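The primary structure of each chain is shown beneath.
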Amino acid sequence: HGHVAPRSDAEAIRQALFNALYADTEALHAARQAHVNQHCRFDDYAFELLEYMRPELERVSVIVPNYNYANYLGARLESIFEQSYPVFEVLVLDDGSTDDSLAVIESCCIKHKRLVRAMPSTQNSGNVFSQWTRGVSAARGSRIWIAEADDLAGSQLLSDAVPAFVDGTVLVACDSMQVDAKGKKTADSYRYYLDLIDHEFFSGRRDVEGVDFVRKTLSVRNAILNVSSVVWHAQALRAGLSRLQTELEVTRLVGDWLLYAALLCEPGARVSWINNSNNVHRRHTISVTHAMDQSGHLKEIERMHAWLVDRLGYDADLIASQQAYCRELAMQFGLDTHSKVEKAA
């Protein structure tokens, strides 16, 4: 603080030391508290004790994106707390909710005696991928589970997914049970849809090269229908979100599909598929998908197809399958015509 005292003046030295140690008390207190919060957390210490006993444990960061899902948020957090695999941290990204979401988080933590880091925003971002990026930037784990606030999970989701990582694995995905807005089960799995893609592949557990998975399961349709069913390699996800930032800012419906494919097309990437319905996907009657202009939805899929052809190489059979899928969607959407698959740039 600029206080210089003569060596012979003991009182001046004492005063200088006092000023150096205790001046700006509030600022110093805040700095000390910030250091403790970041480097001396009891939950980190407790997890380190677990790691001594189980060195194979990975630190899993659970990111819960939420917007006005107070009615579902308590059950979602409970399904995270009940995981049989230890969870390192839980971050809830509240995207400017106008309901009681923040109060639900607090009461749920008190009830279950668990720590959750709530990260509220003052206004809605309007883009789910900006929220993902925000959460991933704050996450400290080596594995990331983006657990959407209105979905649920069986207790084995992490216990099955995390050990499935091997060298090069960028993501592990599983099948999903489906429930409606009130929680009533509507389907045990997505097998009726996955069988349209590749019946044999989805009948068991698989560990394959990423680009092979893209060719088999993502080149025409998106086989991973709910991000809550995915556990990611944190570094790969962080890099993918950064690399695709521009595309994800203007993509409303196929951004997750694009992210899966882009990460899996990287050299050396691997993926594991678990055919158990460890995830519970809540299907709402009215959603962004249903509310969006259907022709716009179709155009996004056509652009995704073009991106895939550009990465996988020209293949007449692949393009024919893509076009057939678009014709099928056009009929479902009630469109008489649709644009042709755009050429890759």
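Our subject in this report is the structure included herewith. (Residues numbered from 1 in each chain as written. Predicted model: local features only at pLDDT ≥ 70, side-chain atom pairs only at ≥ 80, totals over all residues. Heavy atoms only, no water.)

### Section: unusual backbone geometry
Selection rule: Counting from the N terminus, the helices are the DSSP runs of H or I reaching at least four residues and the strands are the DSSP runs of E reaching at least two.
Within the chain, Asn 68 stands out as a residue other than glycine whose phi angle is a positive 60 degrees. Looking at the element boundaries, Asn 68 is found in the loop between strand 1 (60-66) and helix 4 (70-81).

### Some points on the packing of helix 9 (residues 210-218) against helix 12 (residues 255-264)
Heads up, the rule is: Between N-to-C directions, angles cover 0 to 180 degrees, with each direction set by a line fitted to C-alpha atoms, over the stretch in contact for helices. The contact rule is simple, with two residues in contact once any of their heavy atoms fall within 4.5 Å. The residue classification treats Ala, Val, Leu, Ile, Met, Phe, Trp, Tyr, Cys and Pro as nonpolar and Asp, Glu, Lys and Arg as charged. All others, Gly included, are polar.
Contact geometry of helix 9 with helix 12 gives a least axis separation of 8 Å together with a crossing angle of 145 degrees. Contacts between helix 9 and helix 12 pair Gly 210, Val 211, Phe 213, Val 214 and Leu 218 from the former with Trp 257, Tyr 260, Ala 261 and Leu 264 from the latter. When its residues are assigned to classes, the contact of helix 9 with helix 12 shows eight nonpolar, one polar and no charged.

### Examining the environment of Leu 157
Residue placement: Leu 157 occurs in helix 7 (residues 157-161). In contact with Leu 157, other than residues within four places in its own chain, are Gln 83, Trp 145, Cys 174, Ser 228, Val 231, Asn 278 and Asn 279.

### A word on helix 14 (residues 294-312)
The following threshold applies: Take the residue count of a helix, subtract one, and multiply by 1.5 Å to get its expected span.
Between its terminal C-alpha atoms helix 14 stretches 27 Å, which fits the 27 Å expected from 19 residues at 1.5 Å a residue. Following helix 14 by one or two positions, Gly 313 has its phi on the positive side, about 95 degrees.

### Brief notes about the nonpolar core
Heads up, the condition is: Each nonpolar core is a collection of buried residues, namely Ala, Val, Leu, Ile, Met, Phe, Trp, Tyr and Cys, held together in the definition by side-chain atoms within 4.5 Å. The rule is simple: take the accessible area with a 1.4 Å probe, protein chains only, and divide by the maximum for that residue type; under 20% is buried, over 50% is exposed, in between is partly exposed.
In this structure, Leu 171 and Trp 232 are the most contacted members of the largest nonpolar core, which totals 62 residues. Sorting elements by how many residues they give to this core places helix 12 first, with eight residues. Trp 232 has contacts with Ser 142, Arg 143, Ile 144, Ile 146, Phe 165, Val 170, Leu 171, Val 227, Leu 237, Leu 259, Tyr 260 and Leu 263, leaving out every residue within four places of it along the chain. The next biggest cluster of nonpolar side chains, apart from the first, holds 32 residues, and it includes Ile 80, Ile 105, Trp 145 and Leu 157.

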